[in-house]
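Residue strings, one per chain:
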Amino acid sequence: MSSSDPWLEVRGLSAAWERTPVLRSVSFSLAAGEFLVLLGPNGSGKTTLLRCLAGLERPTAGSIRLGGEEITDRPTFRRGIGLMFQDPALFVNRSVYENIAYAPLLQRRPRAEVAEEVGSLIDLLRLSGFEDRRPDQLSGGERQRVALARSLAARPRLVLLDEPFASIDVEVKAELHAEFRRALRARGAAVIHVTHDREEGMFLGDRVGLLFDGSLETVGPPRSVYANPGTERAARFLGYNVFPSPSGPVAVHPTELRWGPFEGPGTVATVLSVGASGRENRIVARREDGSQAELLRPGGEAVPAPGVRVRLLWDASVALTGPA
Amino acid sequence: MRPGRDALAVGPAIAFIVLFSLVPVALLFATSLADSGGLPGFYAAVGSPLNARSIGNSLVQGGLSASIAVAVGYPVGVFFGRYDWPGRSVLRSFLLVPFLLPSLVVVFGILDLFGPSGLVSSTVPALSFLGGGLPGIIAANLVFNVPVVVLFTATGSESASPELEETVATLGGSPRRAYRDVWGPPTLVGASVGGLLTFLFSALSFAPPLLLCGPRCYTAEAQVWSLDQNLLQPAVAGDLALAMVLLFLGPTILYLLLVRRLRATPGQRSYRARPIGHRPVALALGVLSALVLVAEFGVMAAVLVRTAVPVGSGGFGSAWAALFSARTTAQIGVSAGGMAANTLLFAVGATAIAVLLGIVLGYAVVGRPGRAYGLGLVLFLPLLISPVLLAFSLASSWRPLLGGEPNVWILVIVSQAILAMPFALQSLQIPLSGLSRGPREAAQTLGASPWQAFLETDLPRVRNGVATAGLFAFALGLGEFTATYFLVTPRYATLTVALARLPDVRGYAVADAAAGLLLLLSLAVFAALAFGGRRVEL
């Protein structure tokens, strides 16, 4: 493997669930130490993709190369790929220390080396003082930190994270995002993280990819993907309003969308609800074609009453291409 | 429930169990000990050659049956629990049938296959040793109990966390390691639970030693019956029954402790069995499972074949004609229709009591683990109190109070209800434990009274569990033999009792028809359970 070759290379990966396609010829690559986030709605194939990479599901077509080796048909336990679920899946009858030491002991590393490895991971994930506790004596966030430490202790060649923060409280989630990112970077791990939370994905990823109906669309740096969502469904998933225009569909961010009197120019809509969203006002309106539009306007600005018919206007938009 | 109402509902239910099982058993033991001269008399009675032999028989038959049942049932249970294959769900339900079958039907199945003129032994005489003696008893015990081990092992397999198993693989653990650290331990717990139940059921078995071997193979259970009913030594019978309880206290408590560990870890992803694919181990397990299923089917098929074509003269259908003949009525003391009516009457009565008490007690312990544990010990006592002991103690304490023979049918119903209750309650506990308070409280905030809220929110959610418990209790009542045989008078003979008496009056073909009738009734209950989409847990 040369230094220019990608660390992970996935080519034409397809999978099906009882003859229903779940992944459709997915291809992408990942550099060593890179953090890729795959974003997509529920049922888009995110988890199946990770399970195929880990060897827990058998793809119907395609190939996976990791570190220059073909691993498509290799059994899970010989791939060197760590996978973390939403459920931390800890050994309930083992202490935090024993959970983290599980893989190093499995690899028959010397005891002293195991102790050093576990100790450094306990420090890295701020688990000092919890070594002797059982999983049922930990909070949800602590359990996820133990699960990550256990995963890293195996020295995986690739770490897969399947929505590990989905059931974590909002306040704890932000702290965990920072800790996970720091720990994974410190270990130089290549990571694929799947989530339906676009803010989480944009924050964590070196690159993000959007997965819809088993097809991977628009892979790139977070700001670039956000600025150019590409397709209508990608734009909608990222929170844009989509409007038709003479040159094709365009995406308009809720903060760029304004409302004006019904007699003026713009797209006709009826206001459904008005409320506060932090320091801004959130206005939801229904357009004549039945679709909804969302406006985020500064808090001091006047707002229309629900039921009022208005015109929607925008100054800036992003042109969309590709399939709807 | 509020505390006052709670006591009002639970009190009579507990009182029923205490008055019809604990108190009579305690009185029986006290009377027996007093009559036999205290502890020295107790030791002498239990240590007498015949009684000591019966205890030895219990241990040997229980130990052998449990060992073989676990050896055969464990791999089959793993196959049922871990792998997905066509017909798995239906066949898993079918495994309950042998457990629901009347013990006498299984005994007749063994005789029909391996006994004199048996369907197998007449073709392969070398296998005729299975038609009687210790091998025949073990074979009959295995027909009942291998499915028990299979079902508990499969339940254990399904209680393992699929995420943890996958995590072990991603951490570098081989499939053998995943077995050792994740899914092996719960399957071994399941097999141990099944093995303990097999040991208890086999050590306390009654019909197989009675009909397949005779006094030299009597278990302590059969010996207690013989001491009281044939040898007219009730005090010695009571002493032996007490020794049985003391001897089997440990395994029973161990069973109760282990069965609690089989509950699935809450919140885990639902278990999904894996396809067999080309895994050689799975294929080997599949072949073994097929053999076990063929054996189980074979016993039932033999009973049905003999029902249609009995041994000896008469030809097709003659057994049915003989069953309903006046001669049989004269021999048994009641007509075949009367026997069937008695059987159904007792089973329906026992079902009503078991389900009613099960609902009241099950509902009272929802969300109260401490109370559930205490009540659980009381409710599962019938596992420790064997059918003969229960019947013996009821006969001693209650028969005189009920005015003697004419009202003895009440005790038959009571005994069947108490024996069925642990299993009915098991079927009810799962839906009851899943009851959340949300819908009931929502109904109350909308103006429903607590009673209306119960009827309109909780009851519909446990209706399926109630039906399952009812069918289960009904099936056990249909096939109950030991306690009924002990208590019943000729006028109230059931099909099982008639079945045991018929061979004595050379009515083998008639007995085949009666066994067939019981088998068909049990299969009908199974069909109602399986095709009603009901899952029964042992």
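Residues numbered from 1 in each chain as written. Chains lettered and ligands numbered in written order. Predicted model: local features only at pLDDT ≥ 70, side-chain atom pairs only at ≥ 80, totals over all residues. Heavy atoms only, no water.

Asks: Could you clarify how one ought to interpret the overall build of chain B in this entry?
Replies: Tallying secondary structure elements over chain B gives 25 helices and two strands in all. Put simply, chain B has 538 residues, and 58% of those count as buried. Carbon and sulfur atoms provide 69% of the accessible area of chain B, an area that totals close to 21000 Å². (Helix = DSSP H or I, 4+ residues; strand = E, 2+ residues; numbered from the N terminus. Buried < 20%, exposed > 50% of the residue type's maximum accessible area, 1.4 Å probe, protein only. Areas by Shrake-Rupley, 256 points an atom, 1.4 Å probe, with all protein chains shown as cover.)

Asks: Any chance you could explain the sheet that holds strand S4 (residues 61-66) of chain A here in plain terms?
Replies: In any sheet, the strands associate via hydrogen bonds between backbone groups, in a parallel or an antiparallel arrangement. All names here are of chain A. Sheet architecture is open: four strands sit in the order S2-S1-S4-S5, paired in antiparallel fashion. This sheet does not close on itself; its edge strands, each paired only once, are strand S2 (20-30) and strand S5 (69-70). Of the strand pairs in this sheet, S4 and S5 are connected by two bridges, and their pairing is antiparallel. From the neighbouring strand, arginine 65 faces S5, where its bridge partner is glutamate 70. Set on the sheet, helix H1 (residues 46-54) makes contact with strand S1 (8-17), S2 and S4; between it and S2 the angle comes to about 65°. (Pairing = 2+ DSSP bridges. Contact = heavy atoms within 4.5 Å. Axes fitted to C-alpha atoms, helices over the stretch in contact; angles between N-to-C directions.)

Asks: Help me understand the interface of chain A and chain B in this model?
Replies: It is common to give the size of an interface as the accessible area lost on bringing the parts into contact. Counting residues at the interface gives 22 residues for chain A, matched by 18 residues for chain B. Summed over both sides, the interface of chain A with chain B buries roughly 1700 Å², with 63% coming from carbon and sulfur. Here B:Glu166 and A:Arg51 are joined by a salt bridge, their closest N and O atoms 2.6 Å apart. There are three residue pairs in polar contact (both at pLDDT 80 or more) connecting chain A and chain B. Residue classes in the side of chain A that touches chain B are distributed as 14 nonpolar, three polar and five charged. (Buried area = accessible area lost by both parts, 1.4 Å probe. Salt bridge = Lys/Arg side-chain N within 4 Å of Asp/Glu carboxyl O. Polar contact = N/O pair within 3.5 Å; in protein donor to acceptor, adjacent residues only side chain to side chain. Nonpolar A, V, L, I, M, F, W, Y, C, P; charged D, E, K, R; others polar.)

Asks: Looking at this model, I keep getting lost on the domain arrangement of chain A. Mind explaining?
Replies: Split by domain assignment, chain A resolves into domain 1 (8-227) and domain 2 (240-319). Inter-centroid distance (C-alpha atoms) of domain 1 of chain A to domain 2 of chain A is 39 Å. (Domains from an automatic or database assignment.)

Asks: Explain unusual backbone geometry to me, please; I cannot follow it from the model alone.
Replies: A positive phi angle, near 45°, is found at A:Asp213, a position not held by glycine. When you line up the elements, A:Asp213 lands in the loop between strand S9 (207-212) and strand S10 (215-220). Even without being glycine, B:Ser117 reaches a positive phi, approximately 60°. Position of B:Ser117 among the secondary structure elements: in the loop between helix H6 (103-114) and helix H7 (133-159).

Asks: What exactly am I supposed to notice about the pattern of salt bridges here?
Replies: Two side chains that carry opposite charge are able to pair once their charged atoms sit near each other. Residue and element names in this part refer to chain A. Scanning the model with the defined rule gives 30 salt bridges over all chains in all. When the shortest N-O distance is used, the salt bridge between glutamate 113 and arginine 155 registers 3.5 Å. Here glutamate 113, found in helix H3 (residues 111-124), pairs with arginine 155, found in the loop between helix H4 (140-153) and strand S7 (158-162); they are 42 residues apart in sequence, far enough to count as distant. Ionic pairing is found between glutamate 117 and arginine 155, a salt bridge with its closest N-O pair at 2.9 Å. With glutamate 117 in helix H3 and arginine 155 in the loop between H4 and S7, this residue pair connects regions lying 38 residues apart in the sequence.

Asks: Honestly, the state of the cysteines in this entry has me stumped. Any pointers?
Replies: The bond known as a disulfide is covalent and runs between the sulfur atoms of two cysteines. Residue and element names in this part refer to chain B. Under the definition given, this model contains one disulfide over all chains. Note that cysteine 213 is cross-linked by a disulfide to cysteine 217, the S-S spacing being 1.9 Å. Where cysteine 213 bonds to cysteine 217 through sulfur, the torsion about that S-S bond is close to 40°, and the disulfide is right-handed. (Disulfide = S-S within 2.5 Å.)

Asks: Even after reading the chapter, I still don't get the packing of aromatic side chains, so can you show me in this structure?
Replies: In this description, a pair of aromatic rings is defined by centroid distance and the angle of the planes. Here the structure, examined in full by the defined rule, presents 23 aromatic pairs over all chains. When the centroid spacing of 4.4 Å and the interplanar angle of 25° are considered together, the rings of A:Phe243 and A:Trp314 count as stacked. With A:Phe243 in strand S11 (residues 241-243) and A:Trp314 in strand S17 (residues 309-314), this residue pair connects regions lying 71 residues apart in the sequence. Looking at A:Phe243, the relative accessible area reads 1%, which means it is buried. Through pairs of rings, three or more aromatic residues link up here, namely B:Phe79, B:Phe80, B:Tyr83 and B:Trp85. Lying over the aromatic face of A:Phe262, A:Arg311 brings its terminal NZ or CZ to 5.2 Å of the ring centre. The cationic tip of B:Arg82 hangs over the ring face of B:Trp183; the distance from NZ or CZ to the ring centre is 3.8 Å. (Phe/Tyr/Trp six-rings, centres within 6.5 Å; stacked < 30°, edge-to-face > 60°. Lys NZ or Arg CZ within 6 Å of the ring centre and 35° of its normal.)

Asks: Looking at this structure, I do not really get a nonpolar patch on the surface. What am I missing?
Replies: Residues and elements named next belong to chain B. Side chains of Val60, Leu64, Ile68 and Leu134 sit close together on the surface and give an oily, nonpolar patch of about 280 Å² of accessible area. Residue contributions to the nonpolar patch peak at three residues, all from helix H3 (residues 49-82). Residue classification places leucine 64 among the partly exposed positions, given a relative accessible area of 37%. (Patch = residues over 30% accessible without salt bridge, like charges linked within 9 Å, V, L, I, M, F, W, Y side chains within 5 Å.)

Asks: I would appreciate a short explanation of the domain arrangement of chain B in the present structure.
Replies: Residue and element names in this part refer to chain B. Domain parsing of chain B yields domain 1 (1-30 + 322-538) and domain 2 (45-309). Listed by partner, the interface residues are 43 residues for domain 1 and 53 residues for domain 2. Of the roughly 4200 Å² buried between domain 1 and domain 2 on both sides combined, carbon and sulfur atoms contribute 77%. Viewed at the interface, domain 2 and domain 1 are joined by two residue pairs in polar contact (both at pLDDT 80 or more). Counting residues per element, the ones that place at least two in the side of domain 1 that touches domain 2 are helix H17 (369-379), helix H18 (381-384), helix H19 (387-397), helix H20 (408-433), helix H22 (450-479), helix H23 (482-487), helix H24 (495-501) and helix H25 (508-531). The dominant element in the side of domain 1 that touches domain 2, judged by the number of residues it contributes, is H25, at 14 residues. Grouping the amino acids of the side of domain 1 that touches domain 2 by side-chain chemistry returns 32 nonpolar, eight polar and three charged.

Asks: Is there a simple way to think about the packing of helix H9 (residues 175-203) of chain B against helix H12 (residues 234-260) of chain B in this case?
Replies: A pair of packed helices is characterised by two quantities: the angle between their axes and the separation of those axes. Residues and elements named next belong to chain B. Between H9 and H12, whose axes approach to 9 Å, the crossing angle comes to 150°. As summarised for this structure, H9 and H12 are arranged roughly antiparallel, according to the angle between their axes. Remark: the crossing between H9 and H12 carries left-handed chirality. Across from Val189, Ser192, Val193, Leu196, Leu197, Phe199, Leu200 and Ala203 in H9, the residues of H12 making contact are Phe248, Pro251, Thr252, Leu254, Tyr255, Leu258 and Val259. Of the residues belonging to the contact of H9 with H12, the class tally is 13 nonpolar, two polar and no charged. (Parallel < 35°, antiparallel > 145°, perpendicular 65-115°, else oblique. Left-handed = near helix turned anticlockwise from the far one by under 90°.)

Asks: Before we go on, may I ask you to explain the sheet that holds strand S13 (residues 257-261) of chain A in this structure?
Replies: All names here are of chain A. Taken in spatial order, the five strands of this open sheet run S13-S17-S14-S15-S16, and their pairing is antiparallel. If you trace the sheet from one side to the other, it starts and ends with S13 and strand S16 (292-298), each paired once. Put simply, the sheet's adjacent strands are angled 45° from each other on average, direction ignored. Note that S13 and S17 share five bridges and pair antiparallel. Within S17, the position partnered with proline 261 by the bridge is valine 310.

Asks: Can you help me understand the side chain of A:Asp162 in this one?
Replies: Residue and element names in this part refer to chain A. Its place among the elements puts aspartate 162 in strand S7. Buried charge aspartate 162 goes without a salt bridge, the closest partner of opposite sign being arginine 51 at 6.5 Å. Polar contacts involving the side chain of aspartate 162 include one to the side chain of threonine 47, which spans 3.2 Å. (Lys, Arg positive; Asp, Glu negative; His and termini not counted.)

Asks: What's the story with the environment of B:Tyr485 in this structure? I'm lost.
Replies: Turning to its location among the elements, B:Tyr485 is positioned in helix H23. Contact partners of B:Tyr485, with chain neighbours within four places excluded, come to B:Phe206, B:Leu210, B:Trp225, B:Val497, B:Ala500 and B:Arg501.

Asks: What is the right way to look at the pairing of S17(A) in this model?
Replies: Relative to S17(A), strand S14 (residues 267-277) of chain A runs antiparallel, the two sharing four bridges. Within the sheet, the bridge partner assigned to A:Ala269 lies in S17(A) and is A:Val310.

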